[in-house]
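# Close look at the chain arrangement
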Amino acid sequence: MRNLNKDITNKFIPSFDLTGQIRLLQNQLTDCYCKVLSNGSFILDKNVKEFECSISKLCQVDYGIGVASGSDALYLSLIGCGIAPGDEVITTPFTFIATANSITRAGAKPVFVDIDTKTWNINPELIEEKITSKTKAIMPVHLYGCPCKMDSIVSIAKKYKLKIIEDSAQAIGSKYQDKSIGSFGDTGCFSFYPTKNLGAFGDGGMIVTNDSKIAEKLLLLRSNGAKIKYYHDILGFNSRLDELQASILNVKLKYLNQWTVKRRNIAKLYNELLYPRIIDGKLPIQLPIEPENAYHVYHQYTIQAMDRNKLKSYLEQAGIGSTIYYPKPVHLQRAYIQLNYKLCDFPVTERACNEVLSLPMFPELTEDEAIRVANSIISFYAQ
Ligand SMILES: *Cc1c(COP(=O)(O)O)cnc(C)c1O
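Every value quoted in this text rests on a predicted model; they were computed, and no experiment measured them.

What counts, and where the lines are drawn
Residues numbered from 1 in each chain as written. Predicted model: local features only at pLDDT ≥ 70, side-chain atom pairs only at ≥ 80, totals over all residues. Heavy atoms only, no water. 1 Å grid on protein atoms, 1.4 Å probe; cavity = no way out; pocket = protein on both sides within 12 Å on 5 of 7 lines; lining within 4 Å. Points joined across faces, edges and corners; volume = space filled by probe spheres on them. Nonpolar A, V, L, I, M, F, W, Y, C, P; charged D, E, K, R; others polar. Domains from an automatic or database assignment. Near = heavy atom within 4 Å. Polar contact = N/O pair within 3.5 Å; in protein donor to acceptor, adjacent residues only side chain to side chain. Areas by Shrake-Rupley, 256 points an atom, 1.4 Å probe, with all protein chains shown as cover. Sits in = over half its atoms within 2 Å of the grid points. Helix = DSSP H or I, 4+ residues; strand = E, 2+ residues; numbered from the N terminus. UniProt positions renumbered as here; feature names shortened; annotations may be inferred. Contact = heavy atoms within 4.5 Å. Pairing = 2+ DSSP bridges. Axes fitted to C-alpha atoms, helices over the stretch in contact; angles between N-to-C directions. Phe/Tyr/Trp six-rings, centres within 6.5 Å; stacked < 30°, edge-to-face > 60°. Lys NZ or Arg CZ within 6 Å of the ring centre and 35° of its normal. Buried area = accessible area lost by both parts, 1.4 Å probe. Patch = residues over 30% accessible without salt bridge, like charges linked within 9 Å, V, L, I, M, F, W, Y side chains within 5 Å. Salt bridge = Lys/Arg side-chain N within 4 Å of Asp/Glu carboxyl O. Core = buried A, V, L, I, M, F, W, Y, C linked by side-chain atoms within 4.5 Å. Buried < 20%, exposed > 50% of the residue type's maximum accessible area, 1.4 Å probe, protein only. Expected span 1.5 Å × (residues − 1). Arc of directions from axis to C-beta.

This brings us to empty space enclosed by the protein. Unfilled space is identified by rolling a water-sized probe across the atoms. Counted under the stated rule, the structure contains three cavities of 30 Å³ or more. Its boundaries defined by the atoms lining it, the largest cavity holds a volume of some 50 Å³. Lining the largest cavity are Lys118, Thr119, Trp120, Tyr144, Cys146, Pro288, Ile289 and His296. Its residues assigned to classes, the lining of the largest cavity shows five nonpolar, two polar and one charged. The residues that make up the lining of the largest cavity include at least three from each of domain 1 (23–253) and domain 2 (256–382).

Set out below in structure tokens:
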């Protein structure tokens, strides 16, 4: 009897779950891909155009260019901005590897700058000391959906005539000083990987820009260098968002704003439940913050916690999923051994890797579930 009760109250709360969203949209989604099938046009047609138009509107920019993934959005942006072998691009070591890989793929060298302790985003105060005659661009990452301090980054870029390529993969819909993330840089890059705030049923990406020359070049780059089929002006690639994914994204985009509001409400609830205990000195954890003048879209609700690994196991035992984004910084990855970085090069990043934990966060997470998560964290530290 007792066990049965326990099973009900301990129903597993996953870190992330798409089933609720898919159930809600089942009919609309089935409809939209039936239409694509009967149309029989799968590459660069009206669904992609509509989606490019909607995202450029959402970001208040002139152009949106659909590409195959967020990784490709970053890579094509670098090529589109003229970044070439021998150049250096400044970025954060506390990100998904794709950020740095796009720079490496372009033949340039990623130069890392440590992060801010409160937001875990690149620390603008440490950027200037890393600028050399080879530096050509800055690639800030709006980690977890929290906007970087773009006023500082833009003014540094202006001073040194650097390009800005925003890795906005986790931050669609977020804003800084009332301006959309993705619209500060020469380009802004989005990912529609299934678990992102706006996710496709496969890979997809988008580049946004206000620069007509860059937009023009990106259109060539994604289609083997051709504007007119079989007439190739430059060396390009095959990197396109396809009609099926775009049709799904067109349906889902209508819900993005309300999903973001739900994410923000969950974050607010976590804050309300945990903050008083921190003030009381009972919780050795740091909560995420929403910087002044920022609109955070909470792709993740990430805490920095003492005894993180033990907390994670404890939550798992209590039927609660959690995830570590990211357990190992980019500068210490074996894939980047040739850059000769070492332990202690970026202490704030390295500490974050050992202490961050992302709690369950998706629009369909219920209030009761969030309360259970918070209570489990509180009881772990009360032991
Ligand atoms: C997801 C992600 C990417 C890559 O996007 P893909 O669509 O998976 O290629 C790049 N940067 C960050 C910060 C991401 O979270």
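Moving on to the site of the ligand. Around the ligand, the surrounding shell holds 15 residues, and the nearest of these are Gly70, Ser71, Asp167, Ser191 and Lys196. In the environment of the ligand, a nitrogen atom lies 2.8 Å from a nitrogen or oxygen atom belonging to the side chain of Asp167. The side chain of Lys196 places a nitrogen or oxygen atom 3.1 Å from an oxygen atom of the ligand. Burial of the ligand by the protein amounts to 94% of the accessible area it has alone, namely 380 Å². Among the cavities detected, the one that contains the ligand is the largest pocket. Elements with a minimum of two residues in the shell around the ligand: α4 (70–80) and α5 (97–105).

A separate point is the UniProt feature "active site" (unreviewed entry) in the chain. When the UniProt feature table is mapped onto this chain numbering, "active site" (unreviewed entry) sits at Lys196. Setting aside chain neighbours within four positions, we find Lys196 in contact with Ala169, Gln170, Ser191 and His299.

Moving on, we come to the sheet that holds strand β5 (residues 163–167). Here seven strands make up an open sheet; going across it, the order is β1-β9-β8-β5-β4-β2-β3 and the pairing mixed. Every interior strand has two partners, whereas the edge strands, β1 (63–67) and β3 (109–112), have only one. Shown here is a sheet whose adjacent strand axes are inclined to one another by a mean of 25°, direction ignored. Note: strand β8 (residues 187–191) against strand β9 (residues 205–209), four bridges, orientation antiparallel. Its bridge partner lying in β9, Gly188 is registered against Val208. α4 contacts β1, β2 (88–91), β4 (135–139), β5, β8 and β9 of the sheet and is inclined by roughly 160° relative to β8. Contacting β1, β8 and β9, helix α7 (residues 212–221) crosses the sheet at an angle of about 20° to β1.

Read across the open sheet, the three strands follow the order β7-β6-β13; overall the sheet is antiparallel. Across the chains shown, the open sheet's two edge strands, defined by having one partner strand only, are β7 (179–180) and β13 (294–295). Pairing geometry for strand β6 (residues 175–176) and β13, over two bridges, is antiparallel. From the neighbouring strand, Tyr176 faces β13, where its bridge partner is Ala294.

All told, the structure shown has 16 aromatic pairs when counted by the stated rule. Over the ring of Tyr75 we find Arg105, and its NZ or CZ is 4.1 Å from the ring centre.

Looking at the chain, the domain boundaries give domain 1 (23–253) and domain 2 (256–382). The C-alpha centroid of domain 2 is placed 25 Å from the C-alpha centroid of domain 1. At the junction of the two partners, domain 1 supplies 43 residues and domain 2 supplies 37 residues. Taking both partners together, domain 1 and domain 2 bury about 3,300 Å²; carbon and sulfur atoms supply 65% of that area. The largest share of the area that domain 1 buries against domain 2 comes from Trp120, Tyr144 and Asn197, three residues that together contribute 23% of it.

A contiguous nonpolar surface patch, about 280 Å² in accessible area, is contributed by Leu37, Phe42 and Ile43. Among the secondary structure elements, Leu37 is positioned in helix α2 (residues 19–39).

Structurally, the position occupied by Arg222 is in the loop between α7 and β10 (226–228). Within the structure, Arg222 has its side chain in polar contact with the side chain of Glu52 (distance 2.8 Å). Setting aside its immediate chain neighbours within four residues, Arg222 contacts Leu44, Glu52, Ile65, Gly66, Val67, Leu76, Phe237, Asn238, Ser239 and Arg240.

Now for the nonpolar core. Of all hydrophobic cores here, the largest spans 40 residues; its most connected members are Phe94, Leu274, Ile285, Tyr301, Ile303, Leu311 and Ile377. Element by element, the count of residues in this core is highest for helix α11 (residues 367–382), at seven residues. When residues of this core are assigned to domains, at least three map to each of domain 1 (23–253) and domain 2 (256–382). In this view, Ile303 contacts Trp120, Ile285, Gln286, Leu287, Pro288, Leu311, Glu355, Val356, Leu357, Leu359 and Ile377; residues no more than four positions away in its chain are not counted.

Once that is clear, we can look at helix α3 (residues 46–58). One turn of an α-helix holds 3.6 residues; hence residues three or four places apart share an orientation. Over its 13 residues, α3 extends 18 Å from the first C-alpha to the last, a length consistent with the 18 Å expected when each residue adds 1.5 Å. For α3, every residue scored as buried is listed here: Asn47, Val48, Phe51, Glu52, Ile55 and Ser56. One face of α3 carries all of its buried residues, which in axial projection span an arc of 160°. In α3, the exposed residues that point more than 90 degrees away from the buried face are Lys46, Lys49 and Lys57. Positive backbone phi, approximately 55°, marks Gln60, located one or two places after α3.

A few words now on unusual backbone geometry. Look at the link from Tyr325 to Tyr326: it is a cis peptide, with omega at 10°. Among the secondary structure elements, Tyr326 is positioned in the loop between α9 (308–317) and α10 (347–355). We note that Gln60 has phi near 55°; this positive angle belongs to a residue other than glycine. Along the chain, the position of Gln60 falls in the loop between α3 and β1. Despite not being glycine, Asp178 shows a phi value in the positive range, around 65°.

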